[in-house]
Structures are given as structure tokens and as C-alpha cells.
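# Architecture and fold: a report
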Amino acid sequence: MMKRIAEGANRIFLACGSTDFRKQIPGLVAMVTLNFKLDPYNDDYVFIFCNRKRDKSFINVQ
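The notes below deal with the structure included here.

Conventions we followed
- Residues numbered from 1 in each chain as written.
- Predicted model: local features only at pLDDT ≥ 70, side-chain atom pairs only at ≥ 80, totals over all residues.
- Heavy atoms only, no water.
- Phe/Tyr/Trp six-rings, centres within 6.5 Å; stacked < 30°, edge-to-face > 60°.
- Helix = DSSP H or I, 4+ residues; strand = E, 2+ residues; numbered from the N terminus.
- Buried < 20%, exposed > 50% of the residue type's maximum accessible area, 1.4 Å probe, protein only.

## A word on the packing of aromatic side chains
A full pass over the atoms with the stated rule returns 3 aromatic pairs. Taking 5.2 Å as the distance between ring centres and 85° as the angle between the ring planes, the aromatic pair formed by Phe13 and Tyr45 counts as edge-to-face. One end of the pair, Phe13, is in strand E1 (residues 11-14); the other, Tyr45, is in strand E2 (residues 45-50), with 32 residues separating them in the sequence. By relative accessible area, Tyr45 is classed as buried at 16%. When the centroid spacing of 5.4 Å and the interplanar angle of 20° are considered together, the rings of Phe13 and Phe47 count as stacked. Here Phe47 lies in strand E2 and Phe13 lies in strand E1, a separation of 34 residues in the sequence. Just as Phe13 is buried, Phe47 falls in that class too. Each member of the aromatic cluster is reached from another via a ring pair, and the members are Phe13, Tyr45 and Phe47.

Structure follows, in C-alpha cells:
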């Protein structure tokens, strides 16, 4: 499954620690831009975030 999600991506970034999913897409885009200093709209990147319990994940694929 991960191969299909990351197909065409050159880099996969896993956010360390927990992420507040209440931020929704705009908050996650801001986090990638400000904290990681990366372009969240770059088609070569895949970003993976986990919640506090680590029982859910969010994968941002362009």
C-alpha cells in the first residue's frame, strides 16, 4: 500500500512527535512550511503525520 501512496515521490518525510489533527489541511501546510522549511505542494514529497495516541495517521500526497 505504501508503494502506491508514495509512487512518484522522491522523498518521504515523517513528522516526529504527535500532530494535532484539528489543524486540518491549512494548519499542516503551515507546519510543513514554517517548521520543515519545505514546499508542501512539491509533487516529489510525501508528508506523514501521526496523532498523539499513534493509532491514526495522515498522509499528505499531492
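## A closer look at unusual backbone geometry
For residues that are not glycine, phi is negative in most cases, and the peptide bond is trans in most cases. Of note in this structure, Gln24 is not a glycine but carries a positive phi near 60°. Along the chain, Gln24 falls in helix H2 (residues 24-35). Judged by its relative accessible area of 54%, Gln24 falls in the exposed class. Positive phi, normally seen in glycine, also occurs at Lys37, with a value near 55°. Locating Lys37 in the fold gives a position in the loop between H2 and E2.

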